[in-house]
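Inside the fold
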Amino acid sequence: GAVVSQHPSRVICKSGTSVKIECRSLDFQATTMFWYRQFPKKSLMLMATSNEGSKATYEQGVEKDKFLINHASLTLSTLTVTSAHPEDSSFYICSATGNPGTEAFFGQGTRLTVV
Amino acid sequence: GENVEQHPSTLSVQEGDSAVIKCTYSDSASNYFPWYKQELGKRPQLIIDIRSNVGEKKDQRIAVTLNKTAKHFSLHITETQPEDSAVYFCAASSSASKIIFGSGTRLSIRP
């Protein structure tokens, strides 16, 4: 299957700082990328959907000013957690699809710890 | 928007027996239903998917059924093996929309 690379895999940051997570599709053009948050032993909670060249669509309850998403090219989307707090600590994972309604491929995820 | 419910949340079966996981969805426009397997510490991997123009699809020990009228779809794993132990997620998507996941089922295979 297609390859989606997410970086970094782990990050520890201080409370109040910002962290950027990158999601790249390595061998296909991702028209749509999804950002999920996963709590321990829980499901994948969709945070936002981003389409290349347009603003991301955020799910209800997700603060768009706190979780900045940029999808500047067909192979790269970034999620920036601004002014991080300990409650933002979680596993963040992206997925990408070439066409809506088709298989989405997942990145390896980023474990964020805010201290 | 779409809402996907998944049952059971945990499932333990004897090795060699079958396992069944069921999901329901709310949006009648959904037409793509993938199933993902997530092993501990790893990313979800697609194991099988089905589209709304078919009612059943099989791939070796794994099969998925879809009832569009009832908005139900199910995953069936036969002759379960230890390596089938993982968390399984169902999902639903329309051709113009995002992929919404169910809450997950933690499957354990007893030796």
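Overview of the structure. Here the structure is a predicted model, which is why all the values come from computation and not from measurement.

Rules behind the numbers
Residues numbered from 1 in each chain as written. Chains lettered and ligands numbered in written order. Predicted model: local features only at pLDDT ≥ 70, side-chain atom pairs only at ≥ 80, totals over all residues. Heavy atoms only, no water. Core = buried A, V, L, I, M, F, W, Y, C linked by side-chain atoms within 4.5 Å. Buried < 20%, exposed > 50% of the residue type's maximum accessible area, 1.4 Å probe, protein only. Helix = DSSP H or I, 4+ residues; strand = E, 2+ residues; numbered from the N terminus. Contact = heavy atoms within 4.5 Å. Pairing = 2+ DSSP bridges. Axes fitted to C-alpha atoms, helices over the stretch in contact; angles between N-to-C directions. Polar contact = N/O pair within 3.5 Å; in protein donor to acceptor, adjacent residues only side chain to side chain. Disulfide = S-S within 2.5 Å. Phe/Tyr/Trp six-rings, centres within 6.5 Å; stacked < 30°, edge-to-face > 60°.

1. Let's talk about the nonpolar core
Buried together is how nonpolar side chains tend to be arranged in soluble globular proteins. Counting residues in each nonpolar core, the largest one holds 38 residues, and the members touching the most others are Tyr36 of chain A together with Trp35, Phe73, Leu75, Phe101 and Leu107 of chain B. Element by element, the count of residues in this core is highest for strand 9 (residues 86-92) of chain B, at seven residues. Among residues more than four places away in sequence, those in contact with Phe73 of chain B are Ile21, Lys22, Cys23, Tyr25, Phe33, Trp35, Thr65, Leu66, Cys90 and Ala91 of chain B.

2. What to know about the pairing of strand 1 (residues 4-7) of chain A
All names here are of chain A. Across the two faces of strand 1 the burial differs, with Val4 and Gln6 buried and Ser5 and His7 not buried at all. As defined by bridge partners, strand 1 adjoins strand 3 (residues 19-25) across four bridges and the pair is classed as antiparallel. Within strand 3, the position partnered with Gln6 by the bridge is Cys23.

3. As for the sheet that holds strand 7 (residues 62-67) of chain B
Residues and elements named next belong to chain B. Pairing within the open sheet is antiparallel, and its five strands lie in the order 1-3-8-7-6. Here the strands that pair on one side only, and so sit at the sheet edges, are strand 1 (4-7) and strand 6 (56-59). Across this sheet, the average inter-strand angle for adjacent strands is 15 degrees, counted without regard to direction. Two elements, strand 7 and strand 8 (residues 72-77), share six bridges in a ladder whose sense is antiparallel. Looking across to strand 8, one finds that Ile62 is bridged to Ile77.

4. Regarding the side chain of Asp84 of chain B
Residues and elements named next belong to chain B. Within the element layout of this structure, Asp84 appears in the loop between strand 8 and strand 9. Residue Asp84 is classed as buried on the basis of its relative accessible area of 6%. At 2.8 Å, the side chain of Asp84 forms a polar contact with the backbone nitrogen of Gln81. Residues in contact with Asp84, not counting those within four places in the same chain, are Lys37, Arg61, Ile77, Glu79, Leu107 and Ile109.

5. What to know about the state of the cysteines
Applying the stated rule across the entire model yields two disulfides over all chains. Here Cys23 of chain A engages in a disulfide with Cys94 of chain A; their sulfurs sit 2.0 Å apart. Across the disulfide from Cys23 of chain A to Cys94 of chain A, rotation about the S-S bond amounts to roughly 80 degrees, and the bridge is consequently right-handed. Remark: Cys94 of chain A occurs in strand 9 (residues 90-97) and Cys23 of chain A occurs in strand 3; sequence separation between them is 71 residues. Here Cys23 of chain B connects covalently by a disulfide to Cys90 of chain B, the sulfurs 2.0 Å from one another. Disulfide Cys23 of chain B-Cys90 of chain B: the torsion about the S-S bond is -100 degrees, which places it as left-handed. With Cys23 of chain B in strand 3 (residues 19-25) and Cys90 of chain B in strand 9, this pair connects stretches of sequence that are 67 residues apart. For the pair shown, Cys23 of chain B and Cys90 of chain B are each scored as buried. Looking at Cys13 of chain A, it has no disulfide partner, and the nearest cysteine sulfur is the one in Cys94 of chain A, 18 Å off. Given a relative accessible area of 8%, Cys13 of chain A falls into the buried group.

6. Observations regarding the environment of Glu56 of chain B
Residue and element names in this part refer to chain B. When you line up the elements, Glu56 lands in strand 6. Linking Glu56 and Thr78, residues 22 residues apart in sequence, is a C-alpha distance of 15 Å. Apart from residues lying up to four places away in sequence, Glu56 is in contact with Ile50, Val64 and Thr65.

7. Quick word on the packing of aromatic side chains
For the structure shown, the criterion picks out 13 aromatic pairs over all chains. Between the aromatic rings of Phe33 of chain B and Phe73 of chain B, the centroid separation amounts to 4.9 Å while the plane-to-plane angle is 50 degrees, which identifies the pairing as tilted. With a gap of 40 residues between them, Phe33 of chain B in strand 4 (residues 32-38) and Phe73 of chain B in strand 8 connect regions that are remote in the sequence. With relative accessibility at 0%, the residue Phe33 of chain B sits in the buried group. In textbook terms, an aromatic cluster arises when at least three aromatic residues are bridged by ring pairs, as seen for Phe34, Tyr36 and Phe106 of chain A together with Tyr36, Phe89 and Phe101 of chain B.

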